Amino acid sequence: MNQVTPVQEAIELDVAIIGAGLGGLYAIHRMRGLGFKTRAFEAGSGIGGTWFWNKYPGARCDIESLEYSYSFDDDLQQEWRWPERYATQPQILAYIQHVAERFDLMRDVQLNTHITEATFDTDINRWILKASNGQIISARFCIMATGNLSTPRVPDFKGIDTFEGKWYHSGMWPAEGVDFTGKRVGVIGTGSSGIQMIPLIAQQAEHLHVFQRTANYCLPARNGPMERDHESAFKADYRKRREEARHSGFGVSGYPAPTQSALDVTEEERRKNYEMLWERGGTIGFLTCYSDVLVNEEANETAAEFVREKIRSTVKDPKVAALLTPTDHPIGTKRLCLDTGYYETYNRPNVSLVDVRSAPIQEITPKGLRTADQEFELDAIVFATGFDAMTGALREIDIRGIDGTRLADKWNGGPTTYLGLMVAGFPNMFIVTGPGSPSVKSQMIHSIEQHIDWVSDLLKTAVERQVHRVEADMEAETNWVSHVNEVADATLYPKANSWYIGANIPGKPRVFMPYVAGVGTYRKVCDEIAADDYRGLKLS
Ligand code: N01
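Residues numbered from 1 in each chain as written. Predicted model: local features only at pLDDT ≥ 70, side-chain atom pairs only at ≥ 80, totals over all residues. Heavy atoms only, no water.

## Some details on the site of the ligand
For the ligand, the set of nearby residues contains 26 residues, the closest of which are Thr190, Ser193, Arg213, Thr214 and Lys334. Asp62 has a polar backbone atom sitting 3.2 Å from an oxygen atom of the ligand. Here an oxygen atom of the ligand and a side-chain polar atom of Thr214 are 2.4 Å apart. With the chains in place, 89% of the 910 Å² that the ligand exposes on its own is no longer accessible. Element by element, the count of residues in the shell around the ligand is highest for helix 5 (residues 192-204), at three residues. When the residues that make up the shell around the ligand are grouped by side-chain class, the tally is ten nonpolar, nine polar and seven charged. Two domains each provide a minimum of three residues to the shell around the ligand, namely domain 1 (11-151 + 389-539) and domain 2 (187-196 + 209-227 + 252-364). (Near = heavy atom within 4 Å. Polar contact = N/O pair within 3.5 Å; in protein donor to acceptor, adjacent residues only side chain to side chain. Areas by Shrake-Rupley, 256 points an atom, 1.4 Å probe, with all protein chains shown as cover. Helix = DSSP H or I, 4+ residues; strand = E, 2+ residues; numbered from the N terminus. Nonpolar A, V, L, I, M, F, W, Y, C, P; charged D, E, K, R; others polar. Domains from an automatic or database assignment.)

Printed below as a string of structure tokens:
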């Protein structure tokens, strides 16, 4: 028995939502539509999740704005004007705020509220949540819209407290911004965040040292103002495009499933194709141009080598170019980065690249940092070192299911879910874009909508059938986890030491977390399960 005795009067809800980013906000909208009393609890002082916290210079989405937006309301998607091909963080935040206002969502958002505990009370079949401000919330259902990249990670470097300058993390950027003019700056990390901020910080800093452990593949964004003809044509076709995205690989329209192998065309033809994609900009074209780029090493190598040549022809110093050239993982098996002037930045006299693979950072010192072979004097350090991805935010909450089992304990060997949406032993709890769903391998807003729509239908059924518990079967969960692994193992993804497998966090179990069969396949599976009377779930 798992009973919780609240010490103060609880806020009674039908559905508690944790997080008020793109997922939490859409969940409010849908739960209200079902007539549920709902509220989203948000740790930040504003809504927007990722787009609230990641205010670093150059932060923008790597999916085109017309795709990276909600599809649930046609008037919204027709009326909203995106100023650029790839929206900046402030533009996306403005959009999110507009959506919240337009659908009157803020009256069900409670900001500055960090949920620390969530316990399923088996006697009353309700989740009892505790917030750090002492509030108690009792809810029949709980939706975890806690995000995948929402737990910033600063490596455990010795001496960080002694640093006399200022340090920042990309995911906890000061709202007022940072002026690096005249400063000696060190950026640690060359993932998507580092790659976006480095060209802009280089323009301000007196000197910028980039500390790189692993070189990444970057493709040009070719960003620019939204072309009005393109926008009008896209909007005229919006319904068709959204439908196409729903049955695609990555949740983005315009990239039909490829049928041809990269090895079935001549080198000349391939090069022409890669060149065209390079000129067009964006990452998805490279992942979907041939059927085997992500499954066959030889095919992958053709695309990888094309990008390596581009690096060598852009970066003037051959030693720097060699360091920037990725050789340790197939292209696309870590998140491809989208850049604007990234490689060109290394031709600037005020930028140096430091290889911290061969000489790792040993400590932060009062004046800067020390690697295994040199000390660097710095006025500011920027950690673009990533996140405890996919499971970090959920593990930070003390979540206890039936019999008091802790989710963190259950996930000690890696996360296990049914469809990425539910966890056996944790009834009435749903995860948005959880491990085991396409999540980070998809256009996130697409997946958010698909998940929450599916959960909404399930909850409607639960209410109609007057059941108290909705729960994943252990066996169904085990089978799903095997299937997720099987799909990943048939690709090249597991060949990279990426955050997709938890490799960026020392001690984190190495389990491939996203479901990479594509959003179209995933949607089909979810719909079939629902049509089969929610196979794998117990409604009691
Ligand atoms: O984080 P990352 P990110 N010493 O984990 C390095 C999304 N996103 O914030 O590769 C030295 O990718 C680490 O090195 P290594 C997107 O999905 C999207 O950049 O582990 N270096 C790596 O270079 C993305 O994938 C957008 O060897 C250390 C870097 O830090 C995800 O967020 C923009 C280190 C971390 O890279 C995360 O991206 C931004 C150490 N001890 C983010 N520890 C867009 O939409 C770590 N590193 C465009």
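Having put the structure on the table, let's press on.
## Here's the deal with the confidence of the model for the protein chain
Mean pLDDT over the protein chain: 97, with 99% of residues reaching 70 or higher. What the predictor reports for the complex is a pTM of 0.97 with an ipTM of 0.99. (pLDDT = per-residue confidence, 0-100.)

## Thoughts on the sheet that holds strand 14 (residues 368-371)
Strand order across the open sheet formed by three strands is 13-14-15, with antiparallel pairing between neighbours. Each edge of the open sheet carries a strand with a single partner, namely strand 13 (361-365) and strand 15 (375-377). The mean angle between the axes of side-by-side strands here comes to 20°, regardless of whether they run parallel or antiparallel. (Pairing = 2+ DSSP bridges. Axes fitted to C-alpha atoms, helices over the stretch in contact; angles between N-to-C directions.)

## Considerations on the layout of surface pockets
Looking at the second largest pocket, its volume works out to about 570 Å³. Lining the second largest pocket are 32 residues; nearest its centre among them are Gly249, Phe250, Val516, Ala517 and Gly518. Tallying contributions element by element places helix 9 (residues 284-288) first for the lining of the second largest pocket, with three residues. For the lining of the second largest pocket, the residue count by class is 20 nonpolar, nine polar and three charged. Split by domain, the lining of the second largest pocket shows at least three residues from each of two domains, domain 1 (11-151 + 389-539) and domain 2 (187-196 + 209-227 + 252-364). (1 Å grid on protein atoms, 1.4 Å probe; cavity = no way out; pocket = protein on both sides within 12 Å on 5 of 7 lines; lining within 4 Å. Points joined across faces, edges and corners; volume = space filled by probe spheres on them.)

## Focus on the packing of aromatic side chains
On inspection of all chains with the given rule, the structure shows 35 aromatic pairs. With 6.3 Å between their ring centres and 55° between their planes, Trp173 and Phe180 make a pair best called tilted. Taken together, Tyr26, Tyr70, Phe72, Trp80, Trp82, Tyr95 and Phe103 form an aromatic cluster joined through their ring pairs. A cation over an aromatic ring shows up here: Lys55 above the ring of Phe52, its NZ or CZ 4.0 Å from the ring centre. (Phe/Tyr/Trp six-rings, centres within 6.5 Å; stacked < 30°, edge-to-face > 60°. Lys NZ or Arg CZ within 6 Å of the ring centre and 35° of its normal.)

## Quick notes on the nonpolar core
Ranked by internal contacts, the top residues of the largest apolar core, which has 134 residues, are Leu208, Tyr346, Leu419 and Trp454. When we break this core down by domain, the ones giving at least three residues each are domain 1 (11-151 + 389-539) and domain 2 (187-196 + 209-227 + 252-364). Once residues lying within four places of it in the same chain are set aside, the contact partners of Trp454 are Leu419, Leu421, Cys526, Asp527, Ile529, Ala530, Tyr534 and Leu537. Residues Ala131, Ala139, Ile397 and Trp411 belong to the second largest nonpolar core, which totals 25 residues. (Core = buried A, V, L, I, M, F, W, Y, C linked by side-chain atoms within 4.5 Å. Buried < 20%, exposed > 50% of the residue type's maximum accessible area, 1.4 Å probe, protein only. Contact = heavy atoms within 4.5 Å.)

## Side note on the sheet that holds strand 8 (residues 184-188)
Across a sheet, paired strands are connected by hydrogen bonds in the backbone, their directions being either parallel or antiparallel. Strand order in this open sheet of five strands is 7-16-8-9-12, and the pairing throughout is parallel. Both outer strands of the open sheet, strand 7 (166-169) and strand 12 (351-355), are each paired with one neighbouring strand and no more. Direction aside, neighbouring strands of the sheet carry axes that sit 20° apart on average. Two strands pair when backbone bridges link them, and strand 9 (residues 207-212) and strand 12 are joined in this way by five bridges, in the parallel orientation. Counterpart to His209 in the pairing with strand 12 is Ser352.

## Things to note about helix 7 (residues 238-246)
The set of residues buried in helix 7 consists of Tyr238, Arg242 and Ala245. The buried residues of helix 7 all sit within an arc of 60° when viewed along its axis, so they share a single face. Among the exposed residues of helix 7, those oriented more than 90 degrees off its buried face are Arg239 and Lys240. (Arc of directions from axis to C-beta.)

## Brief notes about empty space enclosed by the protein
Within the structure shown, the criterion is met by six cavities of 30 Å³ or more. Roughly 160 Å³ of internal volume is contained in the largest cavity. What lines the largest cavity is a set of 15 residues, among which Phe250, Thr283, Leu287, Arg335 and Lys441 lie closest to the centre. Taken together, the residues of the lining of the largest cavity sort by class into seven nonpolar, four polar and four charged. Each of domain 1 (11-151 + 389-539) and domain 2 (187-196 + 209-227 + 252-364) contributes no fewer than three residues to the lining of the largest cavity. Forming the boundary of the second largest cavity are Pro415, Thr416, Thr417, Pro435, Gly436, Trp480, Val481, Val484, Asn485, Val511, Phe512 and Met513. Of the residues assigned to the lining of the second largest cavity, the class counts are eight nonpolar, four polar and no charged.

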